[in-house]
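Observations on chain architecture
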Amino acid sequence: MAEGAAEVSAESDDAGDLGTVEPERGVAPIKPQYLTTKEQFHEFLEAKGQEKPSQESEAVDPAGNDLAEPEAKRIRLEDGQTEDGQAEEAAKPGEQLQAQKRARGQNKCRPHVKPTHYDKNKLCPSLVQESAARCFYGDRCRFLHDVGHYLETKPADLGPSCVLFETFGRCPYGVTCRFAGAHLGPEGQNLVREGLIQAPPIRNGLDKALQQQLRKRKIHFKRAEQALRQLSRGPMPGPTHEATVLEGREAEGAPRQDNCDIQLDPQEPDTIGPPSGPLRTCGPLTDEDVVRLRPREKRRLDISGKLYLAPLTTCGNLPFRRICKRFGADVTCGEMAVCTNLLQGQTSEWALLRRHPCEDIFGVQLEGAFPDTMTKCAELLNRTIEVDFVDINVGCPIDLVFKKGGGCALMNRLAKFQQIVRGMNQVLDVPLTVKLRTGVQERVNLAHRLLPDLRDWGAALVTLHGRSREQRYTKLADWQYIEQCVAAAHPMPLFGNGDVLSYEDANRARQTGVAGVMIARGALLKPWLFTEIKEQRHWDISSSERLDILRDFTHYGLEHWGSDTQGVEKTRRFLLEWLSFLCRYVPVGLLERLPQRINERPPYYLGRDYLETLMASQKAADWIRISEMLLGPVPPNFVFLPKHKANAYK
Ligand SMILES: Cc1cc2nc3c(=O)[nH]c(=O)nc-3n(C[C@H](O)[C@H](O)[C@H](O)COP(=O)(O)O)c2cc1C
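It should be emphasised that the depicted structure is a prediction, and the values quoted were computed from it without experimental measurement.

This part is about the packing of helix α14 (residues 371–384) against helix α16 (residues 414–427). Packing of α14 against α16 brings their axes to within 8 Å, and their N-to-C directions diverge by 20°. When the axes of α14 and α16 are compared, the pair comes out roughly parallel. Seen from above, α14 lies across α16 with right-handed handedness. Side by side, α14 and α16 meet where Pro371, Met374, Thr375, Ala378, Glu379 and Asn382 of the first sit next to Lys416, Gln419, Ile420, Gly423, Met424 and Val427 of the second. Here the residues of the contact of α14 with α16 sort into six nonpolar, four polar and two charged.

This part takes up the site of the ligand. Residues in close proximity to the ligand total 20 residues, the closest being Thr313, Tyr473, Asn497, Asp499 and Arg521. Within the side chain of Arg467, one N or O atom sits 3.1 Å away from an oxygen atom of the ligand. Notes on the ligand: free accessible area 610 Å², of which the protein chains cover 97%. Grouping the amino acids of the shell around the ligand by side-chain chemistry returns nine nonpolar, seven polar and four charged.

A complete count under the given rule lists nine cavities of 30 Å³ or more for this structure. Approximately 100 Å³ is the volume found for the second largest cavity. In this structure, the second largest cavity is lined by Trp528, Arg546, Ile549, Leu550, Leu579, Leu582, Cys583, Met615, Trp623 and Ile626. For the lining of the second largest cavity, the secondary-structure elements that each account for two or more residues are α22 (543–561), α23 (565–582) and α25 (620–631). At three residues, the largest contribution of residues to the lining of the second largest cavity is made by α22. Taken together, the residues that form the lining of the second largest cavity break down as nine nonpolar, no polar and one charged.

How two aromatic rings sit relative to each other is set out by the distance from centre to centre and by the angle between their planes. Counted according to the given criterion, the structure contains 12 aromatic pairs. A ring pair is formed by Phe417 and Trp457, whose centres lie 5.5 Å apart and whose planes are at 75°; its orientation type is edge-to-face. With Phe417 in helix α16 and Trp457 in helix α17 (residues 447–457), the pair connects residues that are 40 residues apart, well separated along the chain. Taken individually, Phe417 and Trp457 each receive the classification buried, so the pair is uniform in this respect. Cation over ring: Arg326 sits above Phe327, and NZ or CZ is 5.6 Å from the ring centre. Geometry around Phe638 places Arg572 over its ring, the cationic atom sitting 5.9 Å from the centre.

With that settled, the discussion passes to the side chain of Arg321. Summarising the element assignment, Arg321 is placed in helix α11 (residues 318–326). Of the residues examined, Arg321 reaches a relative accessible area of 2% and is grouped as buried. Other than its neighbours up to four places away in sequence, Arg321 contacts Leu309, Gly316, Thr332, Cys333, Gly334, Glu335, Arg354, Arg355, Glu359 and Phe362.

This brings us to the environment of Asp456. Along the chain, the position of Asp456 falls in helix α17. Take Asp456: its relative accessible area is 52%, and that puts it in the exposed class. With 34 residues separating them along the chain, Asp456 and Arg422 place their C-alpha atoms 9.3 Å apart.

Taken N-terminus to C-terminus, the directions of α11 and α22 make an angle of 135°; their axes are 8 Å apart at the nearest point. By the angle between their directions, the pair α11 and α22 is classed as oblique. Considering the relative orientation of α11 and α22, their crossing is right-handed. Facing Leu318, Pro319, Phe320, Arg322, Ile323 and Arg326 of α11, the residues of α22 in contact are Ile549, Asp552, Phe553, Tyr556, Gly557, Glu559, His560 and Trp561. Looking at the contact of α11 with α22 residue by residue, the classes come out as eight nonpolar, two polar and four charged.

Of the residues in the chain, 74% have a pLDDT of 70 or more, and the chain-wide mean is 81. Within the model, the stretch residues 289–296 combines pLDDT values under 50 with 18 contacts to residues more than four positions away or in other chains.

Taken as a whole and assessed by the stated rule, the structure comprises 23 salt bridges. The salt bridge involving Asp330 is made with Lys534; its shortest N-O contact spans 2.7 Å. Placement of Asp330 in the loop between α11 and β5 (332–333) and of Lys534 in helix α21 (residues 529–535) is noted, with a sequence separation of 204 residues between them. Among the salt bridges present, the one from Asp505 reaches Arg508, with a minimum N-O distance of 3.4 Å. Here Arg508 and Asp505 lie together in helix α19 (residues 503–510), a separation of three residues that amounts to about one turn. Since its relative accessible area comes to 3%, Asp505 is described here as buried. Each of the salt bridges in this network shares a partner with another, and the network as a whole consists of Arg467, Asp499 and Arg521.

One finds Phe417, Leu436, Leu451, Leu454, Leu550 and Trp578 to be the most contacted residues of the largest nonpolar core, which totals 150 residues. The biggest single contributor to this core is α23, with eight residues. Filtering out sequence-adjacent residues up to four positions away, Leu436 remains in contact with Val394, Gly395, Met411, Phe417, Ala447, Leu451, Leu454, Val462, Thr463, Leu464 and His465. Counting residues in hydrophobic clusters, the runner-up holds five residues, among them Leu123, Val128, Leu144 and Tyr150.

This next bit is on α11. In terms of residue burial, α11 counts as a mostly covered element, since eight of its nine residues are buried. Within the sequence span of α11, burial applies to Leu318, Pro319, Phe320, Arg321, Arg322, Ile323, Cys324 and Lys325. Between a side-chain oxygen at the N-terminus of α11 and the backbone nitrogen of Phe320 the separation is 3.0 Å; the capping residue is Asn317. Immediately beyond the C-terminal end of α11, within one or two residues, lies Gly328, with a positive phi of roughly 115°.

We now examine unusual backbone geometry. Of all residues except glycine, most have a negative phi; of all peptide bonds, most are trans. For the bond running from His490 to Pro491, omega is 5°, close enough to zero to count as cis. Along the chain, Pro491 falls in the loop between α18 (479–489) and β11 (494–497). The omega torsion across Leu594 and Pro595 is -5°, close enough to zero to call that bond cis. Residue position: Pro595 is located in the loop between α23 and β13 (600–601). Phi at Arg217 is positive, roughly 50°, even though this residue is not glycine. Of note, Arg217 is situated in the loop between α7 (208–215) and β2 (220–221). One non-glycine residue, Asp499, adopts positive backbone phi at about 70°.

Okay, the pairing of strand β7 (residues 362–367) next. A large share of β7 lies buried, amounting to six of its six residues. Residues of β7 alternate between two faces, with Phe362, Val364 and Leu366 on one and Gly363, Gln365 and Glu367 on the opposite face, all of them buried. Examined bridge by bridge, β5 and β7 share two bridges and lie parallel to one another. Considered in β7, the bridge of Thr332 is made with Phe362. As paired elements, strand β6 (residues 337–338) and β7 share two bridges and run parallel to each other. Directly across from Val338, in β7, lies its bridge partner Glu367.

Reading the values: the criteria
- Residues numbered from 1 in each chain as written.
- Predicted model: local features only at pLDDT ≥ 70, side-chain atom pairs only at ≥ 80, totals over all residues.
- Heavy atoms only, no water.
- Axes fitted to C-alpha atoms, helices over the stretch in contact; angles between N-to-C directions.
- Helix = DSSP H or I, 4+ residues; strand = E, 2+ residues; numbered from the N terminus.
- Parallel < 35°, antiparallel > 145°, perpendicular 65-115°, else oblique.
- Left-handed = near helix turned anticlockwise from the far one by under 90°.
- Contact = heavy atoms within 4.5 Å.
- Nonpolar A, V, L, I, M, F, W, Y, C, P; charged D, E, K, R; others polar.
- Near = heavy atom within 4 Å.
- Polar contact = N/O pair within 3.5 Å; in protein donor to acceptor, adjacent residues only side chain to side chain.
- Areas by Shrake-Rupley, 256 points an atom, 1.4 Å probe, with all protein chains shown as cover.
- 1 Å grid on protein atoms, 1.4 Å probe; cavity = no way out; pocket = protein on both sides within 12 Å on 5 of 7 lines; lining within 4 Å.
- Points joined across faces, edges and corners; volume = space filled by probe spheres on them.
- Phe/Tyr/Trp six-rings, centres within 6.5 Å; stacked < 30°, edge-to-face > 60°.
- Buried < 20%, exposed > 50% of the residue type's maximum accessible area, 1.4 Å probe, protein only.
- Lys NZ or Arg CZ within 6 Å of the ring centre and 35° of its normal.
- pLDDT = per-residue confidence, 0-100.
- Salt bridge = Lys/Arg side-chain N within 4 Å of Asp/Glu carboxyl O.
- Core = buried A, V, L, I, M, F, W, Y, C linked by side-chain atoms within 4.5 Å.
- Pairing = 2+ DSSP bridges.

Structural data, given as structure tokens:
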């Protein structure tokens, strides 16, 4: 789903031990000396918040902002929600159902954040982009053209140094950067530092020409149509792959959209995909090219034994994945993208496909309900982006997707499911993988029956989340069933997914015989989990180390979303979404028994220092306080309600 607009249900978590089906809800066993009451906890943070910033917070506040102003005055929260983002308890029985609905995983009535695109105080992009000579819109342009006037209304810088300027020697946001003081010369010119480092090229961006063709529906999906025709006649044989000059060049890592075959040919403007007739080439063929023309096999995906960071709508954004990569995640995947939105050339949906150079084994995940759109989308991506695999989300539980026959619903639409897998597999040069749940209903397991089919249809790997759609997160993942499914999938590798929060959990999961483990909420609660698993230890990470991780996230965020107001606020919102999960982590040194389990609710406790306590808070106002330490004060009338009620326990 489009970046920043996704709706995914991360339902409230319940308790119990990994491997049991009917879990007991637990409370994290915190050493008695750290325990406190709700009132004392909030009083403590309130009092600290009123104080002048401590040394600790002075050290972490890049802008040197006074953090003493109580956020509650400035932050509006959604009606019917308590300050901590949870639904108020229903007072009357008649309201109970309603309250239950509200208490489920999603905050569906979140405030709509007005886009700042048409902000009349925004400087015209022609004055920011050095390449743009003059404003295309002339007198009709709605943005400011007077830099002096713009600077008068521009809010104060958020800090003395700009991460883009520091890293690359040049900040593309120029005067609009919220840290612009670091790189503006005496005349207001945007400075460039010596030894300028090229910013890494955006991988998997959407080319403007391609976007136009998609919007005008001018693309002809030759390979997909051929595959779909074959499918309508009956099952197809396994995939065949004609190698082309184009593919050879792609294998060398050349950007695909710049390739002569994908460029929109005036003679054949509506064609994408390999030529069916004689090969078109960019120039004369060399011996090297001829070698590349040999038919080659579909690329393989060998990720057995690797740690796979789950696709995570909203939270699994590129900056977060960079953090997880640093801590040892081996495989990463983009957030779920809706195939029809990609086919329409929606910029925000294409943003979900972007890949950072550190993501060495990277896939994208697609959602869709129909063979034609899914196959066409697969062909489109096959030609335009660099990925190691494409995954189909057949685990998505949300109504919006389910009611259209996508996500989990495909588990009960066998004919369509088969056509989608076969069709996509036929047009992809990279392996196709599938993410499943145990089934739709709680007591009707379907996965074990589907796995042999998926293997025959050509899926290279399946990940099984050990819960049904109906269960959402109310029960623990059923690892016994996952074990049963390993045999059903054989020899196709099966990854297991559900409730891994410690190296012990990962070890137990591996004992089921799965090819590897996928981790979702565990990574959100503690991204250093990958290191813990690899080094087989518990890491008693300090609050300042945790803050450093958050700071790195904001730096990656500013790099990814921009260092102007819009980019800063986008970074903040994604940070806040993440903080709504992070607060559930209980520091190792505070636990009476290790490890923490994913179903255990932390009681109120005071950490070993102020920051540790602040990070344990489930109040949105406290997450905002943390964001202000890193990104400066929130704008006036700032509203935030987390998308996922990760802090809600049923
Ligand atoms: C915030 C959030 C977003 C998610 N988004 C996706 C998604 O885009 N695609 C998907 O297949 N699963 C998604 N999931 C499900 C996870 O990938 C995973 O299957 C599930 O959380 C179980 O793993 P866990 O127990 O390790 O959290 C999401 C889960 C969460 C908590």
